[in-house]
Amino acid sequence: VATRVNDVNTGDGEEFSYPFKSYPYGSFQTKLLGSHADIPVETTKQLRSWAPKTYRFVASPDGSKTYRLKLSLSTGTAMVAFYAETPGHKNVVFIPFTGSEAVYDITGWGSSYQAFQLIMASSKVSDLSIKLDILDLDPPITDIGVSPMGPDGIDGWYKTQPKVTLKTESGADTYYQIDHGEEKHYNAPFYILNGIHNLSFYSIDPRDNIEIKHFIDFKVDTIVPSSDIQIEPERPEEDWYQSPPVVSMSTGHPNSKIIFRWGSGDYQDYQEPFYVPEGENTLMWKATDQAGNEESVNTRSFKVDSISPEVVYSIYPPEPDGPNGWYHTTPVISLSTESSSAIYYKVDGGEYFPYVESIEVPEGSHIVRAMAIDQASNQGSEIILEFDIDTTVPTIWGFFEGLDYSHENSSQWLQIAPKLTITSSEADMKINYTINNGEPVEYIEELVISEGYNEIRVYGEDRGGNVAESLLYVVKVDSKTPRADLIIDDEPVDGWYRNKDVELELLLRQEEEGA
């Protein structure tokens, strides 16, 4: 076996170089320095300047496989020959180097021959790295495992920080990179942090086959959003609002929103401040983000009553049953309002009292006021009801000055005209009288009874139209002395009547009953 520089020259390539054809070929013996019987082989041999060394490779490989030999020289120029221990003719192949590297694929090992030798030399003292393995051009395959197995949020988001596990074939190395960060050697599961990230990964097997990079996107948001609420004006929950308060909501979590609802209604997105509705209501709200993280439900109760209560009333009898707007029957007032309100009333200028039951308005002229106050202390408008009430039948009396009148002496004649004074049980009564069924005359002052026969009837009516029991007086007055004229049908002589039969006639000067 000749050491050669190339297809033109032999020798050391420097001082001792000769034309290839002129070199006197011969033979030499080299000591077998070692043997390898395992696959794969990875070793380094030290070479001396132009001192060939031989190593033998024996194994029981799969004869159907191709094996790849990789050589790398630290310095100088390498000369390596491949010598297959074939039966009969021995073929020696020069392994060409490209720079300090050489790759040679071996076939037939295990089928055409069972061993081969490498005869190595170098122009300088150097180290030769030898790698021998089955030729495998298939890149490794890396499997990825993510826990949880898929996004546990919405729209492809993870609410739980995903744990990534990479797995490939034995002996291969796996590398990964997150976004544009540093490429790292995988040796243990790792977690993807919050945010939107791109993970790339690949593996390299012991035969330097490089897997094509894989890319996978992650959207991770493990932070539960929170919300704040502002109420203007702010009051304790047990207090009532007389005007609807304004509710404002906010969240400091990016890419999140607030949803709210009233009671058991449907949730709606919060857009802008809103007024609390009337009545007793419970506000429920929570913040939710793009990944589906949800804040625990918050609640706040409100009591709002901005509407003043009104009093509804009814009166019995519904209209005055006497003349001139007067009631002869005691009016009864019934009041009502909304269930959550209380009614207060007062009569004339008195104090207000809680309304419990129907109100009977007392006798006389009165003003009844009533109003309603609800649980929020809203005071409704005051109703004012005016009543004139007289349910009592009045009484009238007559008194004669100087006469103790009775029905027994009503048939007697009086020589002196008495004076009749009328009194009543109520003030402001209207009193009339008639004499002998004449036209009614209003009684203003004491009445002087006229001469003769007087049948006096007295009537009284109070301002409520109640009529008193009438009075009847029969009074006969004759204050004039009756006079008679004597008529004699003869004339006396010297005061003497000569005829003893004298006709005398008495004549009243004026006809007078009872005279």
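Here goes a summary of the coordinates provided.

What counts as what
- Residues numbered from 1 in each chain as written.
- Predicted model: local features only at pLDDT ≥ 70, side-chain atom pairs only at ≥ 80, totals over all residues.
- Heavy atoms only, no water.
- Helix = DSSP H or I, 4+ residues; strand = E, 2+ residues; numbered from the N terminus.
- Contact = heavy atoms within 4.5 Å.
- Polar contact = N/O pair within 3.5 Å; in protein donor to acceptor, adjacent residues only side chain to side chain.
- 1 Å grid on protein atoms, 1.4 Å probe; cavity = no way out; pocket = protein on both sides within 12 Å on 5 of 7 lines; lining within 4 Å.
- Points joined across faces, edges and corners; volume = space filled by probe spheres on them.
- Nonpolar A, V, L, I, M, F, W, Y, C, P; charged D, E, K, R; others polar.
- Buried < 20%, exposed > 50% of the residue type's maximum accessible area, 1.4 Å probe, protein only.
- Lys, Arg positive; Asp, Glu negative; His and termini not counted.
- Salt bridge = Lys/Arg side-chain N within 4 Å of Asp/Glu carboxyl O.
- Patch = residues over 30% accessible without salt bridge, like charges linked within 9 Å, V, L, I, M, F, W, Y side chains within 5 Å.
- Areas by Shrake-Rupley, 256 points an atom, 1.4 Å probe, with all protein chains shown as cover.
- Pairing = 2+ DSSP bridges.

1. Some remarks on the environment of N281
Here N281 lies in strand β25 (residues 279-289). When the C-alpha positions of N281 and D321 are compared, they lie 49 Å apart, and in sequence the two are 40 residues distant. Each residue touching N281, except ones within four places of it in the same chain, is listed here: W262, R300, S301 and F302. For N281, the side chain forms a polar contact with the main-chain oxygen of E278, separated by 2.9 Å.

2. Comments concerning empty space enclosed by the protein
For the structure on display, the rule yields 1 cavity of 30 Å³ or more. Considered as a void within the structure, the largest cavity measures approximately 40 Å³ in volume. In terms of residue class, the lining of the largest cavity is built from 5 nonpolar, 3 polar and 1 charged.

3. A closer look at the side chain of K346
Position of K346 relative to the elements: it lies in strand β30 (residues 341-347). The charged side chain of K346 is buried without a salt bridge, its nearest counter-charge being E382 at 5.4 Å. With near-sequence residues (within four places) excluded, K346 lies in contact with E351, Y352, I367, V368 and R369.

4. Focus on a nonpolar patch on the surface
Residues L486, L504 and L506 make up a contiguous nonpolar surface patch of roughly 340 Å² in combined accessible area. If you trace the backbone, L486 turns up in strand β43 (residues 484-488).

5. Considering the environment of T481
Within the secondary structure, T481 sits in the loop between β42 (471-477) and β43. The exposed category is assigned to T481, whose relative accessible area is 65%.

6. Side note on the sheet that holds strand β27 (residues 312-316)
A sheet is described by the order of its strands in space; here 3 strands give the open sequence β27-β29-β32, paired in antiparallel fashion. Strands at the two margins of the open sheet, each flanked by one partner only, are β27 and β32 (359-360). By the bridge criterion, 5 bridges tie β27 to strand β29 (residues 332-336) in an arrangement that is antiparallel. Within the sheet, the bridge partner assigned to S314 lies in β29 and is S334.

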